[in-house]
Amino acid sequence: MSIPSLEIKNLSISFGVGRSGVLAVDRANFRVGSGEAFGIIGESGSGKSTILRAITGLHDNYDGDVLIDGQMAPRPRNRDFFKTVQMVFQDPYSSLHPRRMIRATLMEPLEIYGLDRRDARIAQALSDVGLAPEYAYRYPHQLSGGQRQRVAVARALLLEPRILLLDEPTSALDVSVQAGVLNVLNALRRARGLTYVMVSHDLRVVAHMCSRIAVMTHGRIVEELSVEDLRAQRAEEPYTRTLIAASRAAVTAD
Amino acid sequence: MDAPATPARESLRDWLQAPTANSPRQARAQVVWRGWLRLISNRAALAGLVVLALLVALAAVGPWLTPYSALGQDLGTRLQPPSALHWLGTDDLGRDILTRILHGARITLMMALLVAAIAGPVGLAVGATAGYLGGWFDIVSMRLVDIFLSFPSLILALAFVAALGPGIENAVIAISLSAWPPIARLARAEALTVRKSDYIAAARLQGASSMRLILKHVMPICLPSVVVRVTLNMAGIILTAAGLGFLGLGAQPPSPEWGAMLASGRQFMLTSWWLAATPGAAIMLVSLSFNLLGDGLRDVLDPRND
């Protein structure tokens, strides 16, 4: 395998210290190749979002290594890093500043990095996620959940990163809106050759988006399998089988 | 009404009420417009706003409205009760009280606005920074706030004025010094609620510096409650200013400051009630209208009321 875009080596993250400390992630390892979509699946509290926050540096006290293109990610993370790695948050209702116009939110990275043609870039970013340019002049409370999440994707892509971390990007949305956002993400990945790391508790979403999947429970990655194996139910770990069975039951119940 | 004015006004209204904005300016104007509509739909707030607007107008043009001077003495007409010549009577040196009240409005409003302009930004900056950064800055600044808050604000202001020397400028500084800590505490509380929020995290991932995060992300969240708090504090600021004047530590005679007028009228309380009653009523009216406006602003600005 050539040098992976993103590699996690022996990543451990704990909250608190001593006996009251909780080990949220226990020696996680995975590699994601360039242009690949990698999924992490697990129930709530299994530590999957914590891995993403550690990669971005939002949780800075982790043990282990985060490598981007074979290079150690700087600690604390610097601007070059954020130009390579961006993240879309789970809840679009809390990830946009409630008192700032969408335009101001989208303008921010352009100002920080001193990029030119700002209005054109904002219009382009909005149209890339399927929003009309007039949405720049709205406030978050004037948008629906799906529209907000599209804005959040547009914001993450304004710096033209190569790696996009997706923290359950559709779990806060209606099922009818989920497909729209997922299709936008898929189209963007194909068009730009982006590398995705997607965290979800929904097997169907991950199966739709990703080619390789890691299964997490209680802070540990218990199994890594391809989406074909997942579809064919060739899981080895009992936990993965339970997860697949539970998901199938949910689908049938729908 | 003439014909051309109406379409222009209609189109402005349409522009403000359009369901979607087409420019940043329009979007911002629409936000202000909706806030304004909500503010004036609150009767108490509207009343406070009207009284304050009247008062500002009177303070601006008042001195030209009366034929008398605020400082000129006329011992022949001293202690006159309210009459057609002197609507609010005259004081113990024969000065027209209405004229002095109007002049005093300037002093009072100027002091209140200066204190708000100093204490508001200082409190906001310290509180937002402490709440966002945490760590040693939070500990040091909040212990300082604790020390300030452990004294009654009037006593603290008295102590500062005693140290700085009496006078309006020193009174403004002294009141500001005692007014910023509660605002800082409030701003810190607001900042604490947002420092872990996703939109702050998202901005950090865009490479925003702490300075930028505090100024552009944390402060706008703290601002509404600070504005409300400062407006509600205006009443207290005016009372403190008047209290300092009353005790002879604020504005000095013959300045027509309301507190000082109240103090000099006190000696004649039993024989000439209007000397003390008029500045007292003026203080009450301004404090009340600031309180009403503050309550209305809270309804408009507080996101929890959305």
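The rules behind each value
Residues numbered from 1 in each chain as written. Chains lettered and ligands numbered in written order. Predicted model: local features only at pLDDT ≥ 70, side-chain atom pairs only at ≥ 80, totals over all residues. Heavy atoms only, no water. Helix = DSSP H or I, 4+ residues; strand = E, 2+ residues; numbered from the N terminus. Buried < 20%, exposed > 50% of the residue type's maximum accessible area, 1.4 Å probe, protein only. Pairing = 2+ DSSP bridges. Axes fitted to C-alpha atoms, helices over the stretch in contact; angles between N-to-C directions. Contact = heavy atoms within 4.5 Å. Buried area = accessible area lost by both parts, 1.4 Å probe. Salt bridge = Lys/Arg side-chain N within 4 Å of Asp/Glu carboxyl O.

Chemist: Explain unusual backbone geometry here, please?
Modeler: Outside of glycine, negative phi angles account for most residues, and trans bonds account for most peptide bonds. A cis geometry characterises the amide bond from R75 of chain A onward to P76 of chain A, with omega recorded as -5°. Secondary-structure assignment places P76 of chain A in the loop between β5 (71-72) and α2 (79-84). Put simply, P253 of chain B and P254 of chain B share a cis peptide bond, and its omega is 5°. The phi torsion at E160 of chain A lies on the positive side, around 50°, for a residue other than glycine. You can see E160 of chain A is positioned in the loop between α5 (145-157) and β7 (163-167). When its relative accessible area of 54% is taken as the criterion, E160 of chain A is described as exposed.

Chemist: Any chance you could explain the pairing of strand β10 (residues 220-226) of chain A here in plain terms?
Modeler: Residue and element names in this part refer to chain A. By the bridge criterion, six bridges tie strand β9 (residues 212-217) to β10 in an arrangement that is antiparallel. What sits directly across from I213, in β10, is L225. Linkage of β9 to β10, two consecutive antiparallel strands, is achieved through a turn of two residues, within which H218 is found at a positive phi near 50°.

Chemist: Can you walk me through the sheet that holds strand β6 (residues 85-88) of chain A in this structure?
Modeler: Across a sheet, strands are paired by hydrogen bonds formed along the backbone, either parallel or antiparallel in direction. Residue and element names in this part refer to chain A. Taken in spatial order, the six strands line up as β6-β7-β8-β3-β9-β10 in an open sheet, and their pairing is mixed. With partners counted over all chains shown, the strands left at the sheet margins are β6 and β10, one partner each. When the angles between neighbouring strand axes are averaged without regard to direction, this sheet yields 20°. The sheet contact formed by β7 and strand β8 (residues 195-200) spans five bridges and is parallel. The residue bridging I163 from the neighbouring strand is T195, located in β8. In this fold helix α1 (residues 48-56) packs onto β3 (37-41), β6, β7, β8 and β9, with an angle of close to 145° to the strand it touches most, β7. Contacting β3, β7 and β8, helix α6 (residues 175-192) runs over the sheet at an angle of about 155° to β8.

Chemist: What's the story with the interface of chain B and chain A in this structure? I'm lost.
Modeler: The figure often quoted for interface size is the accessible area lost as the parts come together. At the interface, 27 residues of chain B touch 32 residues of chain A. In total, about 2,600 Å² of surface goes out of reach between chain B and chain A, with carbon and sulfur atoms giving 55% of it. Contact with chain A buries area across many residues of chain B, yet D198, L205 and Q206 of chain B alone supply 30% of it, more than any other trio. Counting across the interface, chain B meets chain A through three salt bridges. A salt bridge links R212 of chain B to E108 of chain A, with the shortest nitrogen-to-oxygen separation between them at 2.6 Å. Mapped onto the side of chain B that touches chain A, the elements with two or more residues apiece are α2 (24-40), α8 (198-205) and α9 (210-246) of chain B.

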